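Observations on the model geometry
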Amino acid sequence: MKTLMDVQELQDRMISGAQTILLDVRWALGDPRGHEHYREAHIPGAVYVDLETQLCAPGGPGLGRHPLPDADALQESARQWGIDDGDTVVAYDDSGNLAAARLWWLLRNAGFPSVRLLDGGLAAWHAAGLDTEGGEERHCVGTVHLTTGHMPAVSISDLVQPSTVDVVLDARAGERFRGEHEPIDPRAGHIPGAVSAPTSENLLPDGRFRSRDELRRRFRALGADRGRVAVYCGSGITAAHEIAALDVAGIEASLFPGSWSQWSTTDGLPVAVGA
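Described in the following lines is the structure provided in the data block. (Residues numbered from 1 in each chain as written. Predicted model: local features only at pLDDT ≥ 70, side-chain atom pairs only at ≥ 80, totals over all residues. Heavy atoms only, no water.)

**What about the overall build of the chain?**
- The helix and strand tally for the chain stands at 11 helices and nine strands.
- A compact globule built from 275 residues should have a C-alpha radius of gyration of about 19 Å, and the chain, at 18 Å, falls within 12% of that.
- For the C-alpha atoms alone, the extent of the chain along its principal axes is close to 55 × 35 × 30 Å.
- Relative to its full complement of 275 residues, the chain shows a buried share of 51%.
- Expressed as a percentage of contacts within the chain between residues at least 6 apart in sequence, the contacts between residues at least 24 apart total 76%.
- For the chain, the accessible surface area stands at approximately 11800 Å², while carbon and sulfur atoms represent 51% of it.
- Averaging the coordinates of the 24 positive side-chain charges in the chain and doing the same for the 38 negative ones gives two points 6 Å apart. (Helix = DSSP H or I, 4+ residues; strand = E, 2+ residues; numbered from the N terminus. Rg over C-alpha atoms; globule rule 2.2 N^0.38 Å. Buried < 20%, exposed > 50% of the residue type's maximum accessible area, 1.4 Å probe, protein only. Contact = heavy atoms within 4.5 Å. Areas by Shrake-Rupley, 256 points an atom, 1.4 Å probe, with all protein chains shown as cover. Lys, Arg positive; Asp, Glu negative; His and termini not counted. Charge placed at Lys NZ, Arg CZ, Asp CG, Glu CD.)

What follows is the structure in structure tokens.
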């Protein structure tokens, strides 16, 4: 299954009329105006996806800030987006797919294989000189059937047992990993034994993913080509991007959905600081 689709392939599909569900996952930490940005300008035909309400369950003590949505709730959302079984879904955002990768992971986990990330997102569409449109797009309600458990995931109990996971990658910025700066969660630092692997380093300056060979070299240097790999971030959102990059590199990895927001708020768990 391919992970990425470039702008030319998407444009070709749109011109040919190939069934394509285009989903705009405009979201960024600290910017609650994603839907407003979408209404101002989006790729023609794209439906807006609200990450906070449709790609997450409510957070709470011991759960983290962005728990995975219930399978039935995700299926209902997917039908509202207009997805039928057999469709091809293309997701994008305006931040190098840091948000859209959450939707990619969820649909793959739900057993929906034909979901791709638009490489470079909205910026790549603009760079190609292609038009956008404003307003709101809605499709007829779809009939897709989703399940769950098709992508590997780990829990806190898995991570505290050394025999379960060989390499743990921390996808947050380096200063948060080292404990120098923690703007959101109550404790600063990282899971002991984790390796710093900022998600931003998966991308080129224009927001497209690095090549398969570049990503393979990157993850090999981090030890992620040896054994069982798990990935976490602040709350499980950008960790999905790291898993997508690992997928491009040909490496399977498990998501820790609760991520640092769950680990750092669970009593009795150790925290490491520094490099």
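After presenting the structure, the write-up continues.
**Quick notes on the pattern of salt bridges**
- Summed over all chains, the structure comprises 19 salt bridges.
- Note that Glu9 and Arg116 form a salt bridge whose closest N and O atoms lie 3.2 Å from each other. On the criterion of sequence distance, the pair formed by Glu9 in helix α1 (residues 7-16) and Arg116 in strand β5 (residues 115-118) is long-range, its members being 107 residues apart.
- Judged by relative accessible area, Arg116 falls into the buried class, the value being 11%.
- A salt bridge links Asp247 to Arg108; the nearest nitrogen and oxygen atoms lie 3.9 Å apart. (Salt bridge = Lys/Arg side-chain N within 4 Å of Asp/Glu carboxyl O.)

**Details of the pairing of β5**
- Judged by which residues are buried, β5 turns out to be covered on both faces: Val115 and Leu117 on one side and Arg116 and Leu118 on the other are all buried.
- Inspection of the sheet shows strand β1 (residues 4-5) paired to β5 by two bridges, in the parallel sense. Among the inter-strand pairings, Leu4 is bridged to a residue of β5, identified as Leu117.
- Sheet topology places strand β4 (residues 88-92) next to β5; three bridges connect them, and they run parallel. Counted as the bridge partner of Val89 is Val115 from β5.
- A crossover links β4 with its parallel partner β5, the connecting element being helix α5 (residues 100-109), and its sense is right-handed. (Pairing = 2+ DSSP bridges. Right-handed = clockwise from strand over helix to strand, strands pointing away.)

**As for the nonpolar core**
- Membership of the largest hydrophobic core comes to 55 residues, with the highest contact counts inside it found for Trp81, Ile83 and Leu103.
- The residues contacting Leu103, other than those within four sequence positions of it, are Leu23, Val25, Val49, Leu55, Trp81, Val89, Ala91 and Val115.
- If you look at the next biggest cluster of nonpolar residues, it comprises 14 residues, including Val168, Ala194, Phe256 and Leu269. (Core = buried A, V, L, I, M, F, W, Y, C linked by side-chain atoms within 4.5 Å.)

**Regarding α5**
- Most of α5 is tucked away, with 10 of its 10 residues classed as buried.
- Taken together, the buried positions of α5 are Ala100, Ala101, Arg102, Leu103, Trp104, Trp105, Leu106, Leu107, Arg108 and Asn109.
- In the stretch just after α5, Gly111 is the one whose phi turns positive, near 85 degrees.

**A word on the sheet that holds β1**
- The strand order across the open sheet formed by five strands is β1-β5-β4-β2-β3, and the pairing between neighbours is parallel. Two strands in the sheet have a free side with no partner beyond their single neighbour: β1 and β3 (47-48).

**Description of the sheet that holds strand β7 (residues 195-196)**
- On the basis of which strands lie adjacent, the open sheet formed by four strands has the order β7-β6-β8-β9 and parallel pairing. With one partner strand each, in any of the chains shown, β7 and β9 (254-255) form the two edges of the open sheet.
- Relative to β7, strand β6 (residues 167-170) is paired through two bridges, and the arrangement is parallel. Within β7, the position partnered with Leu169 by the bridge is Val195.

**Details of the packing of aromatic side chains**
- Tallied over the entire structure, the rule returns one aromatic pair.
- Measuring from centroid to centroid gives 5.4 Å for Tyr38 and Tyr48, while their planes differ by 40 degrees, and the two rings are tilted. With Tyr38 in helix α2 (residues 34-40) and Tyr48 in strand β3, this pair connects stretches of sequence that are 10 residues apart.
- When its relative accessible area of 0% is taken as the criterion, Tyr38 is described as buried.
- Tyr48 gets classed as buried once you look at its relative accessible area, which sits at 11%. (Phe/Tyr/Trp six-rings, centres within 6.5 Å; stacked < 30°, edge-to-face > 60°.)

**Comments concerning the packing of helix α9 (residues 212-221) against helix α10 (residues 238-248)**
- Where α9 meets α10, the closest approach of the two axes is 8 Å, and the angle between their N-to-C directions is 110 degrees. For the element pair α9 / α10, the angle class is roughly perpendicular. Of the two possible hands of crossing, α9 and α10 adopt the one that is left-handed. Listed contacts from α10 to Arg212, Leu215, Arg218 and Phe219 of α9 are Glu242, Ala245, Leu246 and Val248.
- Among the residues forming the contact of α9 with α10, the class breakdown is five nonpolar, no polar and three charged. (Axes fitted to C-alpha atoms, helices over the stretch in contact; angles between N-to-C directions. Parallel < 35°, antiparallel > 145°, perpendicular 65-115°, else oblique. Left-handed = near helix turned anticlockwise from the far one by under 90°. Nonpolar A, V, L, I, M, F, W, Y, C, P; charged D, E, K, R; others polar.)

**Some points on the pairing of β6**
- Burial of β6 is two-sided: the residues Val167 and Leu169 facing one way and the residues Val168 and Asp170 facing the other way are all buried.
- Pairing of β6 with strand β8 (residues 229-232) involves four bridges; the strand directions are parallel. Paired with Asp170 across the two strands is Tyr232, which belongs to β8.

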